[in-house]
Amino acid sequence: MLTSTSLSRVLAVASIIALTGCSVSSASPRARVTTLTPQIPDSIKASGLVLSRQEAGIYPRRDGIVSSLTVDVGDQVKQGQVIATLQADGSQQYLAADLNFKRKELEIVRERESKEESQAVLIAQLANTALETERKVQIQERDADMKQVDTQIDGVETEMEQNLELARNTMTDLVQAITRMLYTRNDALENYDRNSGYDYYRRNEIFYPRDAEASTFEGELRRFNSKLSSTTDRERMLDLVNEAISLGEDARRLSNNFSPSPELPVERIELIRADIGNVIDRLLKHMSDAKVSASRIQTLLAEKERVVAGKQRTAAATSSQRPFVARSAEIIEAEIERIKQQMGGGGSVTAPFSGVITKRNVNVGDSVDSNRPLVSIVDDSQKFVRFFVTQESFPYIDQGLLVTFAPTFSPGEKYAATVNRISQAIDQETGLIQVEAEIPDSAEGERILSRMSVVVHIPVTEEFPLMEIPKKALELSDRPNTVWTVKRSKASPKTVKVKFLQGDYAYIESGLTDDDEIIIESPVTLQPSVAVYTD
């Protein structure tokens, strides 16, 4: 009697004899393999992902501390609903710029007041001298004061021109930063009118979800760029800086429409937003410096007029101006106090569109800035399926085609979607073509979640149908066009013509029939005439 160990050795030797092609008795062991019959599919399978048309982080417009947070993960919110409130208010940078040049203006007014008081004393001392001597002294003082004011004006004018040149360069940086956000090519804006295939250079991640809004903003960017290249006047340049800041804020809001993708990951999106934010901060500083320079020039020009007129007045007349100077300083001080109070107010953050909160990044009491999202939101009412097809299966795809899809965790569930976007370019790295299918509003929203992995079924309409087999059946052979079949209880290779591969499936154009029994799993290396059996 054979023991279990002896029996294993006999079976192993018999298996080796079968694999080498030697004849064995009818009692020789056979390899147990897993088989299936190829099917004529009614659809092609592709892996996909459910996405939302609008998916964004909600950012504060300024730095501050979270004083209240009214939402949490899973909450439904409406467009315009208050998400959080901050202790900061308004555009703090604008207010800081106003406060800065008001303080400079107050400094100049007080310096003028002190100077006029000294002049009044001097005029009183000279009141008893001859009128001719007094006139000469006044002329000399006027000329000296005029020269001093002119020198100051020249210096501030130079400073003003430098600030405007810095502002112009920074506005050019802003145009370039927005160009990197909107387009895949840096020269897209300058070649806009000459390039007929212009859509190819746009970033689909921002144009697909909100095409109309992005196209309108694109027109604003082109008009601004034209103004920037033709504007030289100082006053118009200051107005253009304000337009640039507004354009940058609009660009940052538009970037909230980005849907992350392999071509544009979250890290790249955050870098684009930070780039635009940095340029806006630089513009605000240049605008503040330019406004301070402009205010100083106006004050010095007024001072120059007062020097011409004031030197011809008597001590009494000069004395009568002092209350006006004092009142001017009091007005400026009141404006400074008002700006300080405004800088201490509060602000609110609202939802840019209706949807569901998917992520919360902060708590009450946290310090936040404009580069960090408070929460993330998804518009769950506008979902679509994004999937990729091979070039060979592309003929089966067309606009308006009805496809079905099922979650990978629940293949039995079936939902419908309509193809509405087909990429007009093949991905150079993967060789695949991106397709998007709109999910109707009537679909069960609670069962279809954003970022859900699904299997998409594309209907086959070719006149000569294909055979569908698992792709792993091709991997049992060292040749990519051979599958193993079972014929009279022995392994038999068959040469097939593979139409294309899609996901885990291979689609065969010729070489198989629906009577073939193909091997998809085998514990041994298959060779012709190897004896096999199935359950």
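Details of the structure are given in the entry above.
None of these values were measured; they are calculated from a predicted model.

Caption draft 1: Representation of the side chain of Asp516. When you line up the elements, Asp516 lands in the loop between β21 (505–510) and β22 (518–521). Of the polar contacts made by the side chain of Asp516, one reaches the side chain of Lys494; its length is 2.9 Å. Within the structure, the side chain of Asp516 is placed 3.0 Å from the backbone nitrogen of Thr513, a separation counted as a polar contact. In contact with Asp516, other than residues within four places in its own chain, are Leu36, Thr37, Pro38, Lys494 and Gly511.

Caption draft 2: Representation of the packing of helix α5 (residues 211–230) against helix α6 (residues 234–254) in the model. Close contact between α5 and α6 brings their axes to 11 Å; oriented N to C, the two are set at 155 degrees. Judged by the inter-axis angle, α5 sits roughly antiparallel to α6. Two packed elements cross with a definite hand, and for α5 against α6 that hand is left-handed. Contact with α5, carried on its side by Glu213, Ala214, Phe217, Glu220, Leu221, Phe224, Lys227 and Leu228, involves Leu240, Glu243, Ala244, Leu247, Asp250, Ala251 and Leu254 of α6 and no other residues of that element. Here the residues of the contact of α5 with α6 sort into 10 nonpolar, no polar and 5 charged.

Caption draft 3: Representation of the pairing of strand β15 (residues 433–438) within the structure. When you tally the buried positions in β15, you get 5 out of 6 residues, the bulk of the element. Alignment of strand β12 (residues 383–389) against β15, held across 6 bridges, turns out to be antiparallel. Bridging from a neighbouring strand, Phe387 pairs with Val435 of β15.

Caption draft 4: The environment of Arg338, seen in detail. Looking at where Arg338 falls in the secondary structure, it is placed in helix α8 (residues 315–342). As a C-alpha pair, Arg338 and Leu99 span 239 residues in sequence and 9.5 Å in three-dimensional space.

Caption draft 5: Focus on the sheet that holds strand β9 (residues 355–360). Reading across the sheet, the 4 strands line up as β4-β11-β9-β6 and stay open at both edges, with antiparallel pairing between neighbours. A single partner strand is all that each edge strand has here, and the edge strands are β4 (55–58) and β6 (76–77). Strand direction decides the pairing type here: β4 and strand β11 (residues 375–378), joined by 4 bridges, are antiparallel. What sits directly across from Glu55, in β11, is Val378.

Caption draft 6: Examining the sheet that holds strand β20 (residues 497–502) more closely. Pairing is antiparallel across the open sheet formed by 3 strands, whose spatial order is β17-β21-β20. The sheet terminates laterally at β17 (467–470) and β20, the two strands that pair on one side only. Strand-to-strand twist across the sheet, computed as the mean angle between neighbouring axes with direction ignored, equals 30 degrees. Pairing between β20 and β21: 5 bridges, direction antiparallel. By the bridge assignment, Lys497 is partnered in β21 with Ser510.

Caption draft 7: Highlighting unusual backbone geometry. Although it is not a glycine, Arg451 adopts a positive phi angle of roughly 75 degrees. For Arg451, the location among the structural elements is in the loop between β15 and β16 (453–459). For Arg451, a relative accessible area of 35% puts it in the partly exposed group. In this model, Ser529 sits at a positive phi of 75 degrees, which is unusual for a non-glycine residue. Structurally, Ser529 is set in the loop between β22 and β23 (532–533).

Caption draft 8: Structural detail: the layout of surface pockets. Taken as a whole, the second largest pocket spans an internal volume of roughly 670 Å³. Along its surface, the second largest pocket is lined by 26 residues, and Arg61, Arg253, Leu254, Asn256 and Pro352 are the ones closest to its centre. Looking at the lining of the second largest pocket, the elements that each hand over two or more residues are α5, α6 and β8 (347–350). For the lining of the second largest pocket, the element with the highest residue contribution is α6, accounting for 5 residues. Considering only residue class, the lining of the second largest pocket consists of 9 nonpolar, 8 polar and 9 charged.

Cut-off values and rules
Residues numbered from 1 in each chain as written. Predicted model: local features only at pLDDT ≥ 70, side-chain atom pairs only at ≥ 80, totals over all residues. Heavy atoms only, no water. Helix = DSSP H or I, 4+ residues; strand = E, 2+ residues; numbered from the N terminus. Polar contact = N/O pair within 3.5 Å; in protein donor to acceptor, adjacent residues only side chain to side chain. Contact = heavy atoms within 4.5 Å. Axes fitted to C-alpha atoms, helices over the stretch in contact; angles between N-to-C directions. Parallel < 35°, antiparallel > 145°, perpendicular 65-115°, else oblique. Left-handed = near helix turned anticlockwise from the far one by under 90°. Nonpolar A, V, L, I, M, F, W, Y, C, P; charged D, E, K, R; others polar. Buried < 20%, exposed > 50% of the residue type's maximum accessible area, 1.4 Å probe, protein only. Pairing = 2+ DSSP bridges. 1 Å grid on protein atoms, 1.4 Å probe; cavity = no way out; pocket = protein on both sides within 12 Å on 5 of 7 lines; lining within 4 Å. Points joined across faces, edges and corners; volume = space filled by probe spheres on them.

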